Amino acid sequence: MKKPLVDYQTFLIGRKPALYGNTGSPTFMKNLHLFEHYPCVTENIDIFDGEDFYLFFQNEELKETFLSKLRDVKPRSPEFHRLLGVTLGYPPLAAQFFAECHRLEEEKHIDEYERLFKQKVFFYYSGIRCNGHVNDLVENSVWLWERYYIEDEPFKVGMIEDNIVRLYEVKPYDFDELERVKQRKLELISRAKEEATV
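Here we summarise the structure given alongside this text.

What counts and what doesn't
Residues numbered from 1 in each chain as written. Predicted model: local features only at pLDDT ≥ 70, side-chain atom pairs only at ≥ 80, totals over all residues. Heavy atoms only, no water. Disulfide = S-S within 2.5 Å. Pairing = 2+ DSSP bridges. Helix = DSSP H or I, 4+ residues; strand = E, 2+ residues; numbered from the N terminus. Contact = heavy atoms within 4.5 Å. Buried < 20%, exposed > 50% of the residue type's maximum accessible area, 1.4 Å probe, protein only. Salt bridge = Lys/Arg side-chain N within 4 Å of Asp/Glu carboxyl O. Axes fitted to C-alpha atoms, helices over the stretch in contact; angles between N-to-C directions. Parallel < 35°, antiparallel > 145°, perpendicular 65-115°, else oblique. Nonpolar A, V, L, I, M, F, W, Y, C, P; charged D, E, K, R; others polar. Expected span 1.5 Å × (residues − 1).

1. Concerning the state of the cysteines
In this structure the tally under the stated criterion is 0 disulfides. Cysteine Cys 101 is unpaired, with the sulfur of Cys 130 as its nearest cysteine sulfur at 12 Å.

Below is the structure:
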């Protein structure tokens, strides 16, 4: 079975529009020299303190587009996270979901955050690793397949089952299997609600 691509590999072959990393990541730092000739932003892009962050782009135009949008966004805000997700090549619905989770957590709406968190599924495909709402599973999957299809590259959807992330491999455009994965997640959500009321 083919080993899945990671983010920096997909970036280097020109499929991923941007690459984000920091000095706390040994893999990123080991490969930093590979990105030196790409346009880069290092200011106002950190998501936590204590590390230096880098955002590399495929070209100068993508960098300038990001910078023009960044001017109107507060650092570390939910809108920043949405912008970063879209810039990194995540599906817009996934980036919005992540931003909404961040907003609820930041504003201390813990019950709403936990409810939304339970709806989360993970996507792993062609160096893209993101999450989204279970109700957007099909739209996010199609979005990823249309942009990042690489023959024999495994597409996986993950969900938390019994406190671990379980991965389900789905062939691109296998909508029957995708629906089975979605129903499995909905079943887990329903079971958790029933257990909470007992």
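2. Let's talk about the pairing of strand β6 (residues 156-161)
Looking at chain direction, strand β4 (residues 120-125) and β6 are connected through 3 bridges and run antiparallel. Bridging across to β6, Tyr 124 finds its partner in Lys 156. Relative to strand β7 (residues 164-169), β6 runs antiparallel, the two being bridged by 6 bridges. Opposite Val 157, over in β7, you have Tyr 168 as the bridge partner. Joining the antiparallel neighbours β6 and β7 is a turn of 2 residues, in which Asp 162 adopts a positive phi near 50°.

3. A short note on the environment of Ile 150
On the secondary structure map, Ile 150 appears in the loop between α7 (137-148) and β6. Sequence separation between Ile 150 and Tyr 125 is 25 residues, and the spatial gap between their C-alpha atoms is 9.2 Å. Excluding residues that lie within four positions of it along the chain, Ile 150 makes contacts with Leu 5, Ile 13, Arg 15, Tyr 125 and Ser 126.

4. Details of the environment of Asn 131
By the secondary structure assignment, Asn 131 is in strand β5 (residues 128-133). Residue Asn 131 is classed as buried on the basis of its relative accessible area, which comes to 12%. Sequence-wise, Asn 131 and Ile 150 are 19 residues apart; in three dimensions their C-alpha atoms are separated by 20 Å. In this view, Asn 131 contacts Ala 94, Phe 97, Phe 98, Lys 120, Val 121, Phe 122 and Phe 123; residues no more than four positions away in its chain are not counted.

5. Focus on the pattern of salt bridges
Tallied over the full model, the rule gives 13 salt bridges. Between Glu 107 and Arg 103 there is a salt bridge, and its shortest N-O distance comes to 2.7 Å. Put simply, Arg 166 and Glu 161 hold a salt bridge, and the shortest N to O gap is 3.9 Å. On the basis of relative accessibility, which here comes to 42%, the residue Arg 166 falls in the partly exposed class. For Glu 161, a relative accessible area of 7% gives the class buried. Overlapping salt bridges, with partners in common, bring together Glu 161, Arg 166, Arg 184, Glu 187 and Arg 191 in one network.

6. Description of the packing of helix α3 (residues 60-70) against helix α4 (residues 78-87)
Each pair of packed helices can be described by the angle between their axes along with the distance between the axes. Put simply, α3 and α4 touch, their axes get as near as 11 Å, and they point 170° apart. Taken as axis vectors, α3 and α4 run roughly antiparallel relative to one another. Here Phe 66, Lys 69 and Leu 70 of α3 come into contact with α4, specifically with Phe 80, Leu 83 and Thr 87. Its residues assigned to classes, the contact of α3 with α4 comprises 4 nonpolar, 1 polar and 1 charged.

7. Observations concerning the sheet that holds strand β2 (residues 40-41)
One key point about sheets: their strands pair by backbone hydrogen bonds, in either a parallel or an antiparallel sense. Taken in spatial order, the 3 strands make up an open sheet running β1-β3-β2, and their pairing is antiparallel. Each edge of the sheet is formed by a strand with only one pairing partner; in this case those strands are β1 (18-22) and β2. Sheet analysis places β1 next to strand β3 (residues 53-57), joined by 5 bridges and oriented antiparallel. Considered in β3, the bridge of Gly 21 is made with Tyr 54.

8. Digging into helix α8 (residues 175-197)
In a regular helix each residue adds 1.5 Å, so 23 residues correspond to 33 Å; α8 covers 33 Å between its end C-alpha atoms and thus fits that length. Within the sequence span of α8, burial applies to Leu 178, Val 181, Lys 182, Lys 185, Leu 188 and Ile 189. Its buried side turned inward, α8 meets β4, α7, β6 and β7.

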